[in-house]
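# Structural overview for review
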Amino acid sequence: VIREGRIEFDRVTFRFGAAEVPVLHHISFTAEPGKTVAILGSTGAGKSSLVSLVPRLYDATEGQVRIDGVDVRDIDLDHLRSRIGLVLQESVLFTGTIRDNIRYGRPDASDEEIEQAARAAQAHEFIANMPEGYDTMLGQRGVNLSGGQKQRIAIARALLVRPVILILDDSTSAVDLGTESRIRAALAELMRGCTTLLIAQRITSVMDADHILVLEEGKIAAAGSHAELMRHSDIYRDIYRS
Ligand code: M5T
């Protein structure tokens, strides 16, 4: 069972199907409990693939991904996914009401808890403004939310679950500045006490991370703290200055 949330990648190689070139190549690192590991890299470098191996959206081709010392393949899948919060660019919402989408990982949550989580995620206002509020249908037969609204629903969902491990993408798509800073505050609150793998689009969130991985073509091109990388890594300094 997942307790502390220590994540270890041990010489992980990953390829899609029979593809010749691996998407990830011999990746090893540890995310200590409660710490944040930021993952940087240009488009196609393998950032999404890397984080997707933790909740087993895909499985490593070689090597091991372990949580608290246990190979993720040996952890009950429902348990594994119930301890991991996902707040990604394309957050997974399903056809159903907003309420159902927020309480997805906590079917027992009361309406008060759902509203509290939505308020903390800066989502209550836009939800309350919809004709049917929390009972508004999403998806094919309902309304379509903007990227920023979807992200806030995903944050509310994760706040309700209080996961041990958090996988998040810090890009905020098309929201006004005030909303953006409130989302950042909600994310900071969500990250407290979680082991976080952060796909980082912003240098400010990278600088706050405990450990940084720079991915290039599926390999770790540099790793360390911001201060260490500024001292020793040309690649990192280039990213920092750009
Ligand atoms: C890494 C390839 C992709 C790229 C590499 C999802 C997916 C990806 N790929 C496939 O061949 N099949 C697939 O189903 O894998 O992709 P990534 O992990 O999405 O990279 P990223 O997260 O660093 O990129 P981005 O653009 O999200 O910043 O060669 O073609």
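In this report, we go over the structure that sits alongside the text.

Scoring rules and cut-offs
- Residues numbered from 1 in each chain as written.
- Predicted model: local features only at pLDDT ≥ 70, side-chain atom pairs only at ≥ 80, totals over all residues.
- Heavy atoms only, no water.
- Near = heavy atom within 4 Å.
- Polar contact = N/O pair within 3.5 Å; in protein donor to acceptor, adjacent residues only side chain to side chain.
- Areas by Shrake-Rupley, 256 points an atom, 1.4 Å probe, with all protein chains shown as cover.
- Nonpolar A, V, L, I, M, F, W, Y, C, P; charged D, E, K, R; others polar.
- Phe/Tyr/Trp six-rings, centres within 6.5 Å; stacked < 30°, edge-to-face > 60°.
- Buried < 20%, exposed > 50% of the residue type's maximum accessible area, 1.4 Å probe, protein only.
- Helix = DSSP H or I, 4+ residues; strand = E, 2+ residues; numbered from the N terminus.
- Contact = heavy atoms within 4.5 Å.
- Arc of directions from axis to C-beta.
- Core = buried A, V, L, I, M, F, W, Y, C linked by side-chain atoms within 4.5 Å.

## Quick notes on the site of the ligand
Surrounding the ligand, one finds Phe 16, Val 23, Ser 42, Thr 43, Gly 44, Ala 45, Gly 46, Lys 47, Ser 48, Ser 49 and Tyr 58. A distance of 2.8 Å separates an oxygen atom of the ligand from a polar atom in the side chain of Lys 47. At 2.6 Å, a side-chain N or O of Ser 48 approaches an oxygen atom of the ligand. When the ligand is considered free in solution it has 630 Å² of accessible area, and contact with the protein chains removes 55% of it. Tallied by class, residues from the shell around the ligand come to 4 nonpolar, 6 polar and 1 charged.

## Examining the packing of aromatic side chains
Geometry of an aromatic ring pair is reported as the spacing of the ring centres plus the angle between the planes. The tally for this structure, following the rule as stated, stands at 5 aromatic pairs. The interplanar angle of 70 degrees and the centroid separation of 4.9 Å between the aromatic rings of Phe 14 and Phe 16 together place this pair among those described as edge-to-face. Take Phe 14: its relative accessible area is 3%, and that puts it in the buried class. Classification of Phe 16 as partly exposed rests on a relative accessible area of 37%. Aromatic side chains Phe 16 and Tyr 58 sit 5.1 Å apart centroid to centroid with 85 degrees between the ring planes, which places their arrangement in the edge-to-face category. Residue Phe 16 is located in the loop between strand 1 (7-14) and strand 2 (24-31), and its partner Tyr 58 is located in the loop between helix 1 (47-52) and strand 4 (62-67); the two are separated by 42 residues in the primary sequence. Through pairs of rings, three or more aromatic residues link up here, namely Phe 14, Phe 16 and Tyr 58.

## Overview of the side chain of Arg 99
Along the chain, Arg 99 falls in helix 3 (residues 98-102). Under the relative-accessibility criterion, Arg 99 is labelled buried at 15%. At 3.2 Å, the side chain of Arg 99 forms a polar contact with the side chain of Asp 111. A distance of 3.1 Å separates polar atoms of two side chains, one belonging to Arg 99 and the other to Asp 135. Those residues in contact with Arg 99, other than ones at most four positions away along the chain, are Asp 111, Ile 114, Tyr 134 and Asp 135.

## Observations concerning helix 4 (residues 111-120)
Every buried residue belonging to helix 4 is among Ile 114, Ala 117 and Ala 118, and all of these are buried. The buried residues of helix 4 occupy one face: seen down the axis, they fall within an arc of 100 degrees. Of the exposed residues in helix 4, those oriented more than 90 degrees away from the buried face are Glu 112 and Gln 116. Following helix 4 by one or two positions, Gln 122 adopts a phi angle in the positive range, close to 65 degrees.

## A word on the nonpolar core
Of all hydrophobic cores here, the largest spans 41 residues; its most connected members are Ile 98, Ile 102, Ile 127, Ile 155, Leu 190 and Ile 212. Where this core is concerned, the elements lending two or more residues are strand 3 (36-41), helix 3, helix 4, helix 5 (124-128), helix 6 (147-161), strand 9 (165-169), helix 7 (177-191) and strand 11 (211-216). If you tally residues by element for this core, the top one is helix 6, at 7 residues. Apart from the residues lying within four places of it in its own chain, the contact partners of Ile 127 are Ile 98, Ile 102, Ala 118, Gly 133, Tyr 134 and Ile 153.

## Considering the environment of Thr 195
Topologically, Thr 195 is positioned in strand 10 (residues 195-199). The buried category is assigned to Thr 195, whose relative accessible area is 0%. Other than its neighbours up to four places away in sequence, Thr 195 contacts Glu 4, Gly 5, Ile 7, Ala 31, Glu 32, Pro 33, Gly 34, Lys 35, Val 164, Ile 165 and Leu 166.

Shape is all these values report; function is a separate question.
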